[in-house]
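Fold and geometry: a report
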Number of protein chains: 2
Amino acid sequence: MTTRQDCLDRDAADPLGAVRDRFSLPQGVIYLDGNSLGALPVAARDAVQDAVERQWGGDLIASWNKHGWIGLPQKVGGKIARLIGAEADEVVAADSVSVNLFKLAAAAVSAQGGRRVVLTEGGDFPTDLYILQGLAGMMPEVELRVVAPGGIGAALDERVTVVLLSHVHYRSGAVRDMAGLNAAIRAAGALSLWDLSHSAGVLDVDLNRDGADLAAGCGYKYLNGGPGAPAFLFVARRHQAALRNPLSGWMGHARPFDFIDDYTPAPGIDRWLCGTPPILSLTALSAALDAFDGVDMKAVRARAGALGDLFIERVEARCAGKGLVLASPRDATVRGGQVAFTHPQGWAVMQNLIARGVIGDFRAPDVIRFGFAPLYVRRADVWDSVEVMGEILDSESWREARFQTLAAVT
Amino acid sequence: MTTRQDCLDRDAADPLGAVRDRFSLPQGVIYLDGNSLGALPVAARDAVQDAVERQWGGDLIASWNKHGWIGLPQKVGGKIARLIGAEADEVVAADSVSVNLFKLAAAAVSAQGGRRVVLTEGGDFPTDLYILQGLAGMMPEVELRVVAPGGIGAALDERVTVVLLSHVHYRSGAVRDMAGLNAAIRAAGALSLWDLSHSAGVLDVDLNRDGADLAAGCGYKYLNGGPGAPAFLFVARRHQAALRNPLSGWMGHARPFDFIDDYTPAPGIDRWLCGTPPILSLTALSAALDAFDGVDMKAVRARAGALGDLFIERVEARCAGKGLVLASPRDATVRGGQVAFTHPQGWAVMQNLIARGVIGDFRAPDVIRFGFAPLYVRRADVWDSVEVMGEILDSESWREARFQTLAAVT
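Residues numbered from 1 in each chain as written. Chains lettered and ligands numbered in written order. Predicted model: local features only at pLDDT ≥ 70, side-chain atom pairs only at ≥ 80, totals over all residues. Heavy atoms only, no water.

**Here we look at the overall build of chain A**
Check the secondary structure of chain A and you find 14 helices and 15 strands. Compactness check: chain A gives a C-alpha radius of gyration of 22 Å against a globular reference of 22 Å for 410 residues, within 12% of the reference. By sequence separation, contacts in chain A at least 24 residues apart represent 72% of the contacts at least 6 residues apart. Distance between charge centroids for chain A: 0 Å, based on 40 positive and 47 negative side chains. (Helix = DSSP H or I, 4+ residues; strand = E, 2+ residues; numbered from the N terminus. Rg over C-alpha atoms; globule rule 2.2 N^0.38 Å. Contact = heavy atoms within 4.5 Å. Lys, Arg positive; Asp, Glu negative; His and termini not counted. Charge placed at Lys NZ, Arg CZ, Asp CG, Glu CD.)

**Looking at the relation of the copies chain A and chain B**
Mapping chain A onto chain B calls for a screw motion: a turn of 180° about the axis and a shift of 0.0 Å along it, with 0.0 Å RMSD after fitting. Each copy turns onto its partner about a two-fold axis. Closest approach to the rotation axis within chain A is made by the C-alpha atom of Ser-281 of chain A, at a distance of 2.8 Å. When the interface residues of chain A are mapped onto chain B, 99% of them are again interface residues, pointing to one common binding face. (Least-squares fit on C-alpha atoms with pLDDT ≥ 70 in both.)

**Digging into the packing of helix H12 (residues 346–355) of chain B against helix H13 (residues 379–394) of chain B**
Residues and elements named next belong to chain B. Relative orientation of the contacting elements H12 and H13 amounts to 120°, with a least axis distance of 10 Å. The orientation of H12 relative to H13 falls into the category oblique. When the axes of H12 and H13 are compared, the crossing they make is right-handed. Contacts between H12 and H13 involve Val-349, Asn-352 and Leu-353 from the first element and Ser-385, Val-388, Met-389, Ile-392 and Leu-393 from the second. Of the residues belonging to the contact of H12 with H13, the class tally is six nonpolar, two polar and no charged. (Axes fitted to C-alpha atoms, helices over the stretch in contact; angles between N-to-C directions. Parallel < 35°, antiparallel > 145°, perpendicular 65-115°, else oblique. Left-handed = near helix turned anticlockwise from the far one by under 90°. Nonpolar A, V, L, I, M, F, W, Y, C, P; charged D, E, K, R; others polar.)

**Comments concerning the interface of chain A and chain B**
Taken together, the contacts link 72 residues of chain A with 71 residues of chain B. Interface area lost by chain A to chain B is led by Trp-56, Tyr-130 and Met-138 of chain A, which between them contribute 14%. On inspection of chain A and its partner chain B, the count reaches 23 residue pairs in polar contact (both at pLDDT 80 or more). Counting only elements with at least two residues in the side of chain A that touches chain B, the list comes to strand E3 (40–41), helix H2 (42–59), helix H5 (97–111), helix H6 (126–138) and helix H10 (279–289) of chain A. Sorting elements by how many residues they give to the side of chain A that touches chain B places H6 of chain A first, with nine residues. A per-class count over the side of chain A that touches chain B returns 41 nonpolar, 22 polar and nine charged. (Buried area = accessible area lost by both parts, 1.4 Å probe. Polar contact = N/O pair within 3.5 Å; in protein donor to acceptor, adjacent residues only side chain to side chain.)

**Focus: the pairing of strand E6 (residues 143–147) of chain A**
Residue and element names in this part refer to chain A. Pairing of strand E5 (residues 117–121) with E6, which is carried by five bridges, proceeds in the parallel orientation. Considered in E6, the bridge of Glu-121 is made with Val-147. In terms of handedness, the path from E5 via H6 over to E6 forms a crossover that is right-handed. (Pairing = 2+ DSSP bridges. Right-handed = clockwise from strand over helix to strand, strands pointing away.)

**Some words on the domain arrangement of chain A**
Residues and elements named next belong to chain A. When the domains of chain A are assigned, the result is domain 1 (4–31 + 296–409) and domain 2 (46–292). The straight-line distance from the C-alpha centre of domain 1 to that of domain 2 is 30 Å. The contact between domain 1 and domain 2 buries some 1900 Å² in all, and 56% of this surface belongs to carbon and sulfur atoms. The largest share of the area that domain 1 buries against domain 2 comes from Met-297, Arg-301 and Gln-338, three residues that together contribute 32% of it. (Domains from an automatic or database assignment.)

**Looking at helix H8 (residues 178–187) of chain B**
Residues and elements named next belong to chain B. Along H8, the residues classified as buried are Met-178, Leu-181, Asn-182 and Ile-185. Angular distribution of buried residues about the axis of H8 spans 100°; they occupy a single face of the element. Taken together, the buried residues of H8 touch helix H7 (152–155), strand E7 (160–166) and strand E8 (191–195). A positive phi of about 85° marks Gly-189, the residue just after H8. (Buried < 20%, exposed > 50% of the residue type's maximum accessible area, 1.4 Å probe, protein only. Arc of directions from axis to C-beta.)

**With respect to the sheet that holds strand E12 (residues 338–342) of chain B**
All names here are of chain B. The antiparallel open sheet is built from four strands, whose spatial order is E11-E12-E15-E14. At either end of the open sheet lies a strand with only one pairing partner, and these are strand E11 (325–326) and strand E14 (361–363). In this sheet, E12 lies alongside E11 in antiparallel orientation, the contact comprising two bridges. Bridged to Val-325 within E12 is Thr-342. Sheet contacts for helix H11 (residues 297–318): E11, E12 and strand E15 (367–371); angle to E12, the most-contacted strand, approximately 25°.

**Some details on the pairing of E12 of chain B**
Residues and elements named next belong to chain B. Across the five residues that make up E12, a large majority, four, are buried. The sheet contact formed by E12 and E15 spans five bridges and is antiparallel. Each bridged residue has a counterpart across the sheet, and for Val-339 the counterpart in E15 is Phe-370.

What follows is the structure, encoded as C-alpha cells:
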C-alpha cells in the first residue's frame with residue numbers, strides 16, 4: 001500500500017517534477033480540472049502582457065510583421081505537431097474545434113464524390129455530433145449515421161466518406177484504438193477525422209505512425225493555452241492538395257495581400273485558415289506550448305497513467321463503501337488523463353470538494369471527473385485530494401453543506 | 001484657409017477631445033491606421049491583465065461563472081448594438097467576420113427554398129467574395145452573381161436570396177446607401193447582409209432604422225478590440241426564429257451543458273455562437289468598447305468627416321502638384337473614416353511617412369490610405385501628418401530613401 005511519504009519521494013525523483021515550476025498555480029488549491037481548462041503557464045502570462053503593451057500598444061499595425069503575428073498560426077501549429085506525431089507543415093492553429101471539424105468534414109464529403117455517409121458514435125462529445133448535424137442540414141445529400149459505442153467497425157461500408165471519433169472520450173477517459181480504427185476506415189475507403197481535444201498534450205499521440213487522415217483538437221485543455229484558446233487542425237500531407245476548405249476566408253488565400261476577387265487556396269496547410277486570428281489568445285497558446293520544451297510525451301503519458309492509477313487505488317481504499325463506482329478504464333494503457341467515478345450524489349460531492357479547494361468537475365447525471373495534467377499535478381496532490389474526499393464522505397454534514405453551496409452558487 | 005492654431009483651438013473645444021485619454025498611444029507617432037488596427041484602450045490593457053492573472057491564473061475553471069466568461073459574447077454584443085442601431089438581443093460577438101458571413105449567407109440560402117442566387121459586387125473586400133465562393137463550392141445549387149460596382153439594383157430579381165455588401169468600401173471609404181439598397185432588396189424579396197467592418201464605431205450606423213436584415217463586422221478596427229479581436233454579427237429580431245446557424249456548435253445549443261446528442265438551436269441570438277470563444281481576446285474587446293461610454297455616434301461621425309475634410313484640404317494645399325489624386329468621396333456625408341489618395345509611387349511615399357512616424361497604409365497598386373479614428377486622432381495630428389508628407393515630397397531624397405526602406409523591410 002502506498003503512503004503519503006511514498007508520493008513525496010516519487011514526486012521528488014520524477015524527472016517531470018520540475019516542469020510544475022513553469023506554471024502559476026494558486027495557493028491552497030489542488031487543481032484536477034486541467035482537462036477542462038489548463039493552468040496558467042508563467043510564460044503565457046508574460047507573453048500576453050508583452051503582446052498587449054509593447055506590440056499592440058507600441059508598435060500597432062507594424063506588429064503583424066515586426067512581431068510575427070502573421071505567421072503565428074503556423075508557428076503554433078509547428079509546436080503542436082511534435083506533441084501529436086505530425087510534421088510541422090501538417091498542423092495549423094485556427095478557429096475553434098467546432099469550426100475546424102466542420103471544415104474538415106465538409107472537405108472530406110466534397111472530395112469523395114459518390115460517398116455521402118458521415119459516420120460517428122453516439123455519446124461522443126456533443127459539439128462533434130452537433131457540427132455533423134449542421135453539415136447534414138446544409139448539404140441534403142449527406143447522410144449522418146450515428147452508431148452505438150463500439151459499432152464503427154460494423155457500420156463501415158462503401159458509402160462512408162468520413163468517420164469522426166474522439167481519441168479520448170470526454171467523460172470516461174477511454175482511449176480509442178487509433179491505429180486499428182484507421183486501418184479499418186482506410187480499408188473501407190473512407191477518411192478518418194479525429195478529435196484530439198482530450199488527448200493532445202497528455203498522451204503520446206502519433207497521428208502519422210497510426211495512419212490518421214485528419215484531426216482537430218483543443219488549445220485550452222492539456223495544451224494550457226488559456227480560456228477558449230484557438231484550436232488546431234491536422235491534414236496529412238497526402239491529402240493536402242486534394243482537400244478544399246469550404247470556409248475560404250482571406251487568411252487561407254495563396255496571396256491574401258493581393259486583394260484580388262478570386263479565391264485561390266494557399267498550398268499546404270495554410271489554406272485551412274479562414275479569418276484574422278485572435279492574436280492575444282493565440283499568443284497565450286504559443287507561449288503556453290513552451291511548457292512542453294524538452295518534455296518527452298511518452299514520459300507525460302506514463303505520469304498521467306501513474307497519477308490516475310494512484311487516484312483509483314486511493315479512492316477504493318480511503319473511500320470504500322461510500323458509493324463511488326469507477327467509470328473509467330482501470331487499465332492505464334487505455335485511459336486518458338482523467339478518471340471518472342459515479343456517485344448517486346455526485347454533484348453534492350463535487351461541490352463539497354470545490355469548497356475544500358479540490359477542483360474537479362461534474363457531468364450530469366452522476367459523474368465526478370478528475371483530470372491529472374502531468375505537467376503540474378503531483379502524486380502528493382492526488383493523495384491529499386482523496387484524503388479530503390474521504391473526510392467529506394465520512395462526515396455527517398456534507399449533504400446539508402450541499403444546499404448551502406447550491407444557494408451560494410445560484 | 002485653416003492654420004495649425006485653428007486646429008489646436010478646435011481640438012481644445014471639441015467635446016470628444018477628452019476621449020483620447022482613454023487610449024495608450026506611443027510617443028512620436030501619428031497613428032492614421034485605426035481602420036486596420038485600432039489603438040490600445042487603457043481599459044483593455046488592464047482587463048486583459050486581470051483576465052490572465054486573477055481570473056485564469058487564480059480562479060481557473062470557476063471563472064466561467066464567477067467572472068462571467070460564459071455570458072461574454074452576449075455582453076459584448078449588447079455593447080456593440082448601441083453603436084450600430086440594433087437592440088442588445090440582436091447582436092453577439094463570435095468567431096471572425098469571414099466565419100460570420102458564411103453562417104449568415106448559408107442560413108439565408110437554406111431558408112429561402114426556391115431562390116438560389118447570392119448577389120454581391122466585385123472589388124469589395126476580398127474575404128467577402130472568397131467566403132461566397134466557398135459557400136457556392138459547397139452547395140452546388142447556389143449561383144454566385146458578382147456585378148460591377150453600382151450594379152446591384154439592376155441585378156435584383158426573383159431568384160436572388162441574399163445580397164452581401166460592405167457598408168463602407170475598404171479602399172475608397174465610400175459609404176453605400178444602406179436604406180435605399182435595403183428597400184430595393186426587400187422589394188425584390190431578398191435579404192440584405194451588410195459587412196460593417198469599416199463603419200462600426202466610426203459612422204452612426206442605424207441598422208434597424210435603415211431596415212437591414214443581417215450584418216457582420218470587425219472587432220479590431222474602429223472598435224479597438226485588439227489584433228484579430230472576435231467579430232460580431234447581427235440578426236434582426238424578425239428573422240431570428242426562422243434562420244438556422246449551419247455551424248451548429250455547442251455554444252449555440254439551447255442547453256449546452258446538458259451534453260445531449262441532438263442539437264436544438266438556442267432561441268434568439270445565442271444560436272449564432274459555435275465553439276468556445278477566445279476569452280482573452282474577447283475580454284480585450286469588451287473593455288475596449290467602454291471607450292465609447294457616453295459618446296454620441298453622431299458626434300463621432302461628424303468628427304470623422306471633419307478630420308477627413310481637413311486632410312483633403314491640407315493635402316491639396318500643401319502637396320499640390322506632387323502627383324496625389326483623391327481616391328475617396330470628397331463629400332463627407334458619403335465617406336467613412338478613411339481617406340485614400342493615389343500616387344504613382346504610393347508605396348514609397350507611405351514607407352517614407354512611416355519612417356517619419358506617420359502611420360497609414362498602402363493598398364496595391366498605388367493607393368495610400370489614412371484612417372481618422374475620431375476617438376483619438378486630433379486636428380493637429382492631421383495638420384502635422386500633411387506637413388510631414390509635404391516635406392517628404394519636397395525633398396530630393398525620398399525616392400532613394402525608398403530603396404533603403406525596402407531593404408530594411410525585406
